[in-house]
Amino acid sequence: MQDINWNDLRVFLAVAEAGQIARAARALRLDPTTLGRRLRRLERQLETTLFERTREGQTLTKAGEGLLARAETMARAVRSIDSARERRSGLGGSLRLSVSEGFGSRFLTPYLPDFARAHPDLSIELVASSGFLSPSRREADLAVMLSRPEAGPVISRKLADYSLRLYASADYLEAAGTPRTPADLARGHRLVSYIPELLYAPELNYLDDFHAGLSADIRSTSINAQSRLIEEGAGIGVLPCFIGDRAPGLVPVCADRTIQRSFWIVIHRDMHGLPRVRIARDWLLDCVRKGRSLLMPD
């Protein structure tokens, strides 16, 4: 078989990240026809289909997902050469990351000290809040969002899936009883969740995914506040497993029922090639690899 061209793998990676051939072509400064031809050549060489075409663009097949992991390893090896050169010349400046409150404060922070030590001349700003800064308006160098943007001058790719489930304190369950099914939540139980009209992303509307028509009695815009309320026995609520499984005193409720959401890396296409942005993206990918069992527990 003819050797695979690294430039064809770069095309594959760009389409996987952008989700659309047109966006990938702009990022690589290639004609879309040329990009498509290179992608088809790679598929012929591998004798498999790497993408399925959907209304939103290109979605990875199972074979494409397998290739993505290997191609990213190769890309990181190539970038490590550039990174070594950049460290010698000094990687400095400011890096601003916009992430959701829970992901930033409860998942990323344990990994951040090592990242900071590896890049001592880089000023790091972690904006972990109820809402996101906009990469398309250059408010952040990189954002981790709850959905892929449908428009704008950005390049995006899925960072990771994560699971959520219902939790309560042992004291609450002893006093109010343990629900056996999500439908039991509507009968005599206090629920903790977001304020519906202040949701900053529709993906945060969790309760309906467990049982239609559920309404919270205690509400907060902050997932950290919700976690503390549930820990203090205020009621039953939905938390990401990377928060709920590590919160002291919390017990899973209807433990066989989970829901799934996703995190997406979003970068302005003009900033995609900046060394500090590439390094931050690779760091995020390493974080979710290390923390996979926290994001998607068995």
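The shown structure was predicted, so the numbers you read here are calculated from the model rather than taken from an experiment. (Residues numbered from 1 in each chain as written. Predicted model: local features only at pLDDT ≥ 70, side-chain atom pairs only at ≥ 80, totals over all residues. Heavy atoms only, no water.)

Observations concerning the overall build of the chain
Within the chain, the regular secondary structure consists of 12 helices and 11 strands. Projected onto its principal axes, the C-alpha positions of the chain cover 65 × 45 × 35 Å. Scored against the burial criterion, the 298 residues of the chain give a buried share of 48%. Relative to all contacts within the chain whose residues are 6 or more apart in sequence, the contacts with residues 24 or more apart total 77%. Counting every atom, the chain has about 14,600 Å² of accessible surface; 48% of that belongs to carbon and sulfur. (Helix = DSSP H or I, 4+ residues; strand = E, 2+ residues; numbered from the N terminus. Buried < 20%, exposed > 50% of the residue type's maximum accessible area, 1.4 Å probe, protein only. Contact = heavy atoms within 4.5 Å. Areas by Shrake-Rupley, 256 points an atom, 1.4 Å probe, with all protein chains shown as cover.)

Some words on the environment of Ala16
Within the element layout of this structure, Ala16 appears in helix α1 (residues 6–18). Note on Ala16: relative accessible area 13%, which makes it buried. Sequence separation between Ala16 and Thr59 is 43 residues; the distance between their C-alpha atoms is 7.5 Å. The residues touching Ala16, leaving out its near neighbours within four places in the chain, are Phe51, Leu60, Leu68, Arg148, Ser156 and Arg157.

Thoughts on the packing of aromatic side chains
This structure, assessed with the given rule, holds 12 aromatic pairs. With centroids separated by 5.5 Å and ring planes inclined at 50°, the aromatic side chains of Phe12 and Phe51 adopt a geometry described as tilted. Here Phe51 lies in strand β1 (residues 51–53) and Phe12 lies in helix α1, a separation of 39 residues in the sequence. A residue is classified by how much of its surface remains accessible, and Phe51, at 9% relative accessible area, is buried. Ring-pair connections join several aromatic residues into one group, and the members of that group are Phe103, Phe107, Tyr111, Tyr162, Phe242 and Phe263. (Phe/Tyr/Trp six-rings, centres within 6.5 Å; stacked < 30°, edge-to-face > 60°.)

Comments concerning the UniProt feature "domain: HTH lysR-type" (unreviewed entry) in the chain
As annotated in UniProt, the feature "domain: HTH lysR-type" (unreviewed entry) corresponds to residues 4–61 in the numbering used here. Within residues 4–61, the helical portion is 62% and the strand portion 10%, while the C-alpha atoms at the span's ends are 19 Å from each other. (UniProt positions renumbered as here; feature names shortened; annotations may be inferred.)

Considering the packing of helix α5 (residues 101–108) against helix α9 (residues 223–231)
Contact geometry for α5 and α9: axes closest at 8 Å, N-to-C directions at 65°. One finds that α5 runs roughly perpendicular with respect to α9. The segment α5 lies against α9, with Glu101, Gly102, Ser105 and Arg106 engaging Ile223, Asn224, Ser227 and Glu231. Residues that form the contact of α5 with α9 fall into these classes: 1 nonpolar, 4 polar and 3 charged. (Axes fitted to C-alpha atoms, helices over the stretch in contact; angles between N-to-C directions. Parallel < 35°, antiparallel > 145°, perpendicular 65-115°, else oblique. Nonpolar A, V, L, I, M, F, W, Y, C, P; charged D, E, K, R; others polar.)

Details of the pattern of salt bridges
If you walk through the whole model with that rule in mind, you get 14 salt bridges. Of the charged contacts in the structure, one is a salt bridge between Asp114 and Arg117, with a shortest N-O distance of 2.4 Å. Within this pair, Asp114 and its partner Arg117 are both found in helix α6 (residues 112–118), separated by 3 residues, close to a single helical turn. Each member of the pair, Asp114 together with Arg117, is exposed. Close ionic contact of Arg228 with Glu232 constitutes a salt bridge, the shortest N to O distance being 2.9 Å. We classify Arg228 as partly exposed; its relative accessible area is 44%. Several salt bridges share partner residues, and in doing so they unite Glu17, Arg281 and Asp282 into one network. (Salt bridge = Lys/Arg side-chain N within 4 Å of Asp/Glu carboxyl O.)

Considerations on unusual backbone geometry
Phi is positive for Glu47, close to 55°, though the residue is something other than glycine. Judged by relative accessible area, Glu47 falls into the exposed class, the value being 71%. Positive phi is not limited to glycine here, since Cys254 has a value of about 50°. In this structure, Cys254 sits in the loop between β10 (250–253) and β11 (259–268). Classification of Cys254 as buried rests on a relative accessible area of 8%.

Topic: the confidence of the model for the chain
Averaged over all residues, the pLDDT of the chain equals 89, while 95% of them reach at least 70. In this model residues 86–90 is a low-confidence stretch, pLDDT under 50, and it forms 5 contacts with partners more than four residues away in sequence or in other chains. (pLDDT = per-residue confidence, 0-100.)

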